[in-house]
Amino acid sequence: MPIRTGAKIDTLQALNTMAGYIGIPPLTNIIDVPSEPDFILAQEILDEVTQTTLSQGLPCNTDFDFVLTDVEAGTGYTIIPDGALICHITSDNRFTERDGLVYNIKERVFSTSTEHKAFVVWYQEFDKLPE
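(A) The confidence of the model for the chain, seen in detail. Averaged over all residues, the pLDDT of the chain equals 91, while 95% of them reach at least 70. Helix H1 (residues 11-22) is the least confidently modelled element of the chain, averaging 93 in pLDDT, while strand E6 (residues 116-122) averages 96, the highest of any element.

See the structure below:
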């Protein structure tokens, strides 16, 4: 049985692990990343791998039957929440995501209903992810 130690890999540790593989000295502070070209590239790779992994839908970043209640000011259209990597409308197969809004495929109009339920996969920052 695994033992929970409370140890957690943060962004700086992940970048320094990557630096160790290519033989460059580690950073002592995350604010130094923008001044180091190798670490800028390492940060881009870490962000890309994080997003790709999260896009698969993990227990820590997935909501089922998430109610879409946000509406766009002025138009009243139902919007897809910020941070959603995937938003699949599950309440009715006539609706889909289009241009960040809920779109009715059958009637070819954007929806103004706030009763849609969706399967949502969220983006999360690396440091906030569980081990």
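That was the structure; now back to the text.
(B) The sheet that holds strand E2 (residues 84-89), seen in detail. Strand order in the open sheet formed by three strands is E1-E6-E2, and the pairing between neighbours is antiparallel. Edge positions in the sheet fall to strand E1 (62-68) and E2, since each has one partner strand and no second. Mean inter-strand twist for the sheet, computed between neighbouring axes without regard to direction, equals 35°.

(C) Focus on the packing of H1 against helix H2 (residues 37-54). Relative to each other, H1 and H2 sit at 115°, their axes nearing to 10 Å. Between H1 and H2, the crossing angle belongs to the class labelled roughly perpendicular. In this structure, the crossing between H1 and H2 has a hand that is right-handed. On H2, the residues touching Thr11, Ala14, Leu15, Asn16, Met18 and Ala19 of H1 are Phe39, Ala42, Gln43, Ile45 and Leu46. For the contact of H1 with H2, the per-class residue count stands at eight nonpolar, three polar and no charged.

(D) Main features of the pairing of strand E4 (residues 101-104). Burial along E4 is two-sided: Leu101 and Tyr103 facing one way and Val102 and Asn104 facing the other are all buried. In the sheet, strand E3 (residues 95-98) pairs with E4 via four bridges, with the strands oriented antiparallel. The residue bridging arginine 98 from the neighbouring strand is leucine 101, located in E4. The loop that links E3 with its antiparallel partner E4 comprises two residues; one of these, aspartate 99, has a positive phi angle of about 55°.

(E) Geometry of the packing of aromatic side chains. According to the stated counting rule, one finds four aromatic pairs in the structure shown. Considering the side-chain rings of phenylalanine 64 and phenylalanine 119, the 5.3 Å spacing of their centres and the 50° angle between planes classify their relative orientation as tilted. Of this pair, phenylalanine 64 sits in strand E1 while phenylalanine 119 is found in strand E6, placing the two residues 55 residues apart along the sequence. Owing to a relative accessible area of 63%, phenylalanine 64 belongs among the exposed residues under this scheme.

(F) Quick look at the pattern of salt bridges. Within the structure shown, the criterion is met by one salt bridge. In this structure, aspartate 92 engages arginine 94 in a salt bridge whose closest nitrogen and oxygen atoms are separated by 2.6 Å. Arginine 94 gets classed as partly exposed once you look at its relative accessible area, which sits at 32%.

(G) Spatial organisation of the sheet that holds strand E5 (residues 109-110). With respect to topology, three strands assemble into an open sheet ordered E3-E4-E5, the strand pairing being antiparallel. Two strands lie at the open edges of the sheet, namely E3 and E5, each paired on one side alone. Sheet topology note: the E4/E5 ladder contains two bridges and is antiparallel. When the bridges of E5 are listed, asparagine 104 appears paired with valine 109.

Scoring rules and cut-offs
- Residues numbered from 1 in each chain as written.
- Predicted model: local features only at pLDDT ≥ 70, side-chain atom pairs only at ≥ 80, totals over all residues.
- Heavy atoms only, no water.
- pLDDT = per-residue confidence, 0-100.
- Helix = DSSP H or I, 4+ residues; strand = E, 2+ residues; numbered from the N terminus.
- Pairing = 2+ DSSP bridges.
- Axes fitted to C-alpha atoms, helices over the stretch in contact; angles between N-to-C directions.
- Parallel < 35°, antiparallel > 145°, perpendicular 65-115°, else oblique.
- Left-handed = near helix turned anticlockwise from the far one by under 90°.
- Contact = heavy atoms within 4.5 Å.
- Nonpolar A, V, L, I, M, F, W, Y, C, P; charged D, E, K, R; others polar.
- Buried < 20%, exposed > 50% of the residue type's maximum accessible area, 1.4 Å probe, protein only.
- Phe/Tyr/Trp six-rings, centres within 6.5 Å; stacked < 30°, edge-to-face > 60°.
- Salt bridge = Lys/Arg side-chain N within 4 Å of Asp/Glu carboxyl O.

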